[in-house]
Amino acid sequence: MEVGILSMRYAKAMIEYAQEKGVEDRVYQEFLTLSHSFCAQPGLREALDNPVIAIKEKLALVCTAADGEGTSTREFIRFITLVLKNRREGYLQFISLMYLDLYRKLKHIGVGKLITAVDVDKTTSDRIRSAAAHILHAQMELETVVDPSIEGGFIFDINDYRLDASVATQLKRVKQQFIDKNRRIV
């Protein structure tokens, strides 16, 4: 079965179950943390794919990755147990990403990422978040990242759009213009 179809089915089932129980917000936080854990620790996926590790150990590992304190919701534990029993642990990262997408669509939450060369203060990030929320008519989750390689300015990703006002990109454009102009002369 295709990864996207399988992940979407499990994520839809989980969000409906979580809504029925009234814990979709808490489960969202668990899947968000789990998703970050997959990115931060590549060994997590390898451990889940390992057939030697028992289901109970994999369950404990996922619950710890989703909520470091080990106090996961009962619904989340039941869902992860179902995934593990059906031997779908290889799809867990994609299931968590699908759940996050479905939850954000359900709650009208936009996702933004602000990349700057230096750290941005809280008031500036709050102003950007509120302006984007006003334009999108939705709540905003804004992630700020410091990347000195852009040399100045900013890059703002919001949903599927990118506004690149970085110095590095502008320098590349100027360089390309010089190259194009010199080609015409020769």
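Coordinates for the structure precede this section.
Computed from a predicted model, the values in this text were never measured in an experiment.

The rules behind each value
- Residues numbered from 1 in each chain as written.
- Predicted model: local features only at pLDDT ≥ 70, side-chain atom pairs only at ≥ 80, totals over all residues.
- Heavy atoms only, no water.
- Salt bridge = Lys/Arg side-chain N within 4 Å of Asp/Glu carboxyl O.
- Helix = DSSP H or I, 4+ residues; strand = E, 2+ residues; numbered from the N terminus.
- Buried < 20%, exposed > 50% of the residue type's maximum accessible area, 1.4 Å probe, protein only.
- Patch = residues over 30% accessible without salt bridge, like charges linked within 9 Å, V, L, I, M, F, W, Y side chains within 5 Å.
- Areas by Shrake-Rupley, 256 points an atom, 1.4 Å probe, with all protein chains shown as cover.

K.L.:
I'd like a rundown of the pattern of salt bridges, residues and numbers included.
P.N.:
Scanning the model with the defined rule gives 10 salt bridges in all. A salt bridge links Lys107 to Asp25; its shortest N-O distance comes to 3.8 Å. Here Lys107, found in helix 6 (residues 92-107), pairs with Asp25, found in helix 2 (residues 24-40); they are 82 residues apart in sequence, far enough to count as distant. Under the relative-accessibility criterion, Asp25 is labelled partly exposed at 41%. Here Arg183 and Asp180 are joined by a salt bridge, their closest N and O atoms 3.9 Å apart. Here the residue Arg183 and the residue Asp180 both occupy positions in helix 8 (residues 167-185), the gap between them amounting to three residues, near one helical turn. You can call Asp180 partly exposed: its relative accessible area is 30%. Through salt bridges that share partners, Glu24, Asp25 and Lys107 make up one connected network.

K.L.:
Any details on a nonpolar patch on the surface? Residues and values, ideally.
P.N.:
A contiguous nonpolar patch, built from Val3, Phe94 and Leu97 and spanning about 210 Å² of accessible area, is present on the exposed surface. Of note, Val3 is situated in helix 1 (residues 3-21). Residue classification places Val3 among the partly exposed residues on the basis of a relative accessible area of 33%.

K.L.:
With reference to specific residues and values, describe unusual backbone geometry.
P.N.:
Backbone geometry places His108, a non-glycine residue, at a positive phi of 55 degrees. On the secondary structure map, His108 appears in the loop between helix 6 and strand 1 (109-116). Positive phi values are uncommon outside glycine, yet Glu151 reaches one of about 70 degrees. Structurally, Glu151 can be placed in the loop between strand 2 (139-146) and strand 3 (153-158). Using a relative accessible area of 53% as the deciding quantity, one classes Glu151 as exposed.

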